[in-house]
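Residue-level listing of the chains:
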Amino acid sequence: MYVLGIETSCDETGVAIYHSKSGLINHFLYSQVEMHSEYGGVVPELASRDHIRKLVPLIKQAIRDSQLKYRDINGIAYTAGPGLMGALLVGAATANSLAWAWQIPAVAVHHMEGHLLAPMLEEDPPAFPFVALLISGGHTLLVQVEDIGRYQLLGESLDDAAGEAFDKTAKMLGLGYPGGPKLSALAEHGRPQIKFPRPMTDRPGLDFSFSGLKTFTMNTLNASQQTEQDKANIAAAFQNAVSETLTIKCRRALQQTGLSRLIAAGGVSANKQIRADLTEMASKEKARIYFPRLQFCTDNGAMIAYAGCQRLMAGQHQSLEIFARPRWPISEL
């Protein structure tokens, strides 16, 4: 089965083709970062319009470069949520239109399920069951994964996600958009001299909260002389706090579930310090940790094509009504 994957949940247009036996055939990604950086963040209307411009040419390129014909595609998978409604509608409408024209099934994929299954694209994928830490721009989740489609939510962010906290802190420091990678680069030149709080680690449970950490960062910045070294020190202390908080919660999740496999996926999982701290913790817990390669940490069509392929092979597909949900709890899958 050849499956065309479409990802348009936010500010990146992703297209991929996945084969049920041969694996990933190819993938293409167009990022809108340059356009949105002028505004300091994603402008939803501009994102939707750019998806309209870029999506069909990327689909044509993916099929052409795979040396396939349209009739060779057996199914289409598209991100139906969560995400920006306008952006989601572009992918959903395109996918269902092509499915109708080509007389093949289409399946709606949960964006975070795509991230959760991204490590399955690697040569040495994790076996089920495992604990998944999903850390993206808008979501921070801990999930117990028994199999594809069998997910138990263990904990989630009660306010800002880790990625949002990175971006908002970067904006405080005057680093621009996208903030996460720029803050991490600045942190490499800093000394974490100030002890930042590790939110919600002094109580039981697996939920997260990063809003207070953001406020603490602002107060610390205002109390400093705001030199470049001050900003680097604050960036390093902030990054340490987020990384250690995530690590503490993941340790608890492994101990609580009794599982010995952990995956970390989503855009924030590309952060070098978070990867290092989670790897060290997993080693101490005698657990094995898995990460997707860096190009599959951020939004991409490959993870959607893979997730959709598994669901299509299991007999699942959508009606041709256009399905998009800007808010869609993963626990409903």
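Here, residues in each chain are numbered from 1, in the same order as that chain's written sequence. Confidence filtering applies because this is a predicted model: local features only for residues at pLDDT of at least 70, side-chain atom pairs given and counted only at 80 or more, and all residues used for totals across whole chains, interfaces and linings. Only hydrogens and water are set aside; all other atoms, that is, all heavy atoms of the structure, feed into the side-chain values.

With that settled, the discussion passes to helix H3 (residues 85–102). A run of H or I in DSSP becomes a helix once it reaches four residues, and a run of E becomes a strand once it reaches two; helices and strands are each numbered from the N terminus. For a helix, the expected span equals 1.5 Å multiplied by the number of residues minus one. Compared with the 26 Å implied by 1.5 Å per residue over 18 residues, the 25 Å span of H3 between its first and last C-alpha is a close match. Every buried residue of H3 is accounted for by Ala-87, Leu-88, Val-90, Gly-91, Ala-92, Thr-94, Ala-95, Asn-96, Leu-98 and Ala-99. Residue contacts are defined here by distance: any two heavy atoms, one from each residue, within 4.5 Å place the two residues in contact. Looking at the buried residues of H3, the elements they touch are strand E1 (2–7), helix H2 (44–65), strand E4 (75–81) and strand E5 (106–110). Two residues or fewer after H3 comes Gln-103, characterised by a positive phi angle close to 60 degrees. The cut-offs for exposure are 20% and 50% of the maximum accessible area for each residue type, with area from a 1.4 Å probe on protein chains only; residues under the lower value are buried, those over the upper are exposed, and the others partly exposed.

Of note, the amide linkage connecting Gly-81 to Pro-82 takes the cis form, showing an omega dihedral of -10 degrees. Relative to the assigned elements, Pro-82 resides in the loop between E4 and H3. For the bond running from Phe-128 to Pro-129, omega is 0 degrees, close enough to zero to count as cis. For Pro-129, the position within the fold is in the loop between helix H4 (111–117) and strand E6 (130–135). Unusually for a residue other than glycine, Met-200 sits at a positive phi of about 60 degrees. Counting through the fold element by element, Met-200 comes out in the loop between helix H6 (179–187) and helix H7 (211–223).

What follows covers the side chain of Thr-79. The residue Thr-79 is located in strand E4 in this model. As used in this structure description, the phrase polar contact means that two N or O atoms lie within 3.5 Å; if the pair is within protein, one of them must be able to donate a hydrogen and the other to accept it, and residues adjacent in sequence are counted only when both atoms belong to side chains. Of the polar contacts made by the side chain of Thr-79, one reaches the side chain of Glu-7; its length is 2.5 Å. The contact partners of Thr-79, leaving out residues within four places of it in the chain, are Ile-6, Glu-7, Thr-8, Ser-9, Leu-88, Val-109, His-111 and Ile-304.

Here we come to the nonpolar core. Residues grouped as a nonpolar core are buried Ala, Val, Leu, Ile, Met, Phe, Trp, Tyr and Cys residues, joined through side-chain atoms within 4.5 Å. Core analysis: the largest hydrophobic core is formed by 42 residues, its most contacted members being Leu-133, Leu-142, Phe-210, Phe-238, Val-242, Leu-246 and Leu-278. Residue assignment for this core shows that the elements contributing at least two residues are E6, helix H5 (162–172), H6, H7, helix H8 (228–257), strand E9 (261–265) and helix H9 (272–284). The contact partners of Leu-246, leaving out residues within four places of it in the chain, are Leu-133, Ile-135, Thr-140, Phe-208, Phe-210, Ile-274 and Leu-278. One finds Ala-77, Ala-265, Tyr-306 and Leu-312 within the second-largest nonpolar core, a separate group that totals 32 residues.

To continue, consider the state of the cysteines. In this description, a disulfide is simply a cysteine sulfur pair whose atoms lie within 2.5 Å. Considering all chains together, one arrives at zero disulfides under this definition. No disulfide involves Cys-250; its sulfur sits 14 Å from that of Cys-297, the nearest cysteine.

On the surface, a nonpolar cluster with roughly 240 Å² of combined accessible area is contributed by Met-85, Leu-89 and Ile-322. Take Met-85: it is sitting in helix H3. The class of Met-85 is partly exposed, set by a relative accessible area of 36%. Patch members must show over 30% relative accessible area and no salt bridge, and they are joined within 9 Å when carrying like charges or within 5 Å when they are nonpolar side chains of Val, Leu, Ile, Met, Phe, Trp or Tyr. Methods summary: accessible areas were calculated by the Shrake-Rupley approach with a probe of 1.4 Å, and residue burial reflects only the protein chains presented. Salt bridges are identified by distance alone: a Lys or Arg side-chain nitrogen within 4 Å of an Asp or Glu carboxyl oxygen.

Turning our eyes to something else, we now look at the packing of H8 against H9. Think of each axis as a best-fit line through the C-alpha atoms, taken over the contacting stretch in the case of a helix, with angles from 0 to 180 degrees between the N-to-C directions. Axis separation between H8 and H9 bottoms out at 9 Å; the angle between their running directions is 30 degrees. Between H8 and H9 lies a crossing whose hand is right-handed. The residues of H9 that touch H8, namely those facing Gln-239, Asn-240, Ser-243, Leu-246, Thr-247, Cys-250, Arg-251 and Leu-254, are Gln-273, Ile-274, Asp-277, Leu-278 and Met-281. Gly is placed with the polar residues, together with every amino acid not listed as nonpolar (Ala, Val, Leu, Ile, Met, Phe, Trp, Tyr, Cys and Pro) or charged (Asp, Glu, Lys and Arg). Residues belonging to the contact of H8 with H9 are distributed by class as follows: six nonpolar, five polar and two charged. For any pair of crossing helices, the crossing counts as left-handed if the nearer helix is rotated counterclockwise from the farther one by less than a right angle, and right-handed if it is rotated clockwise.

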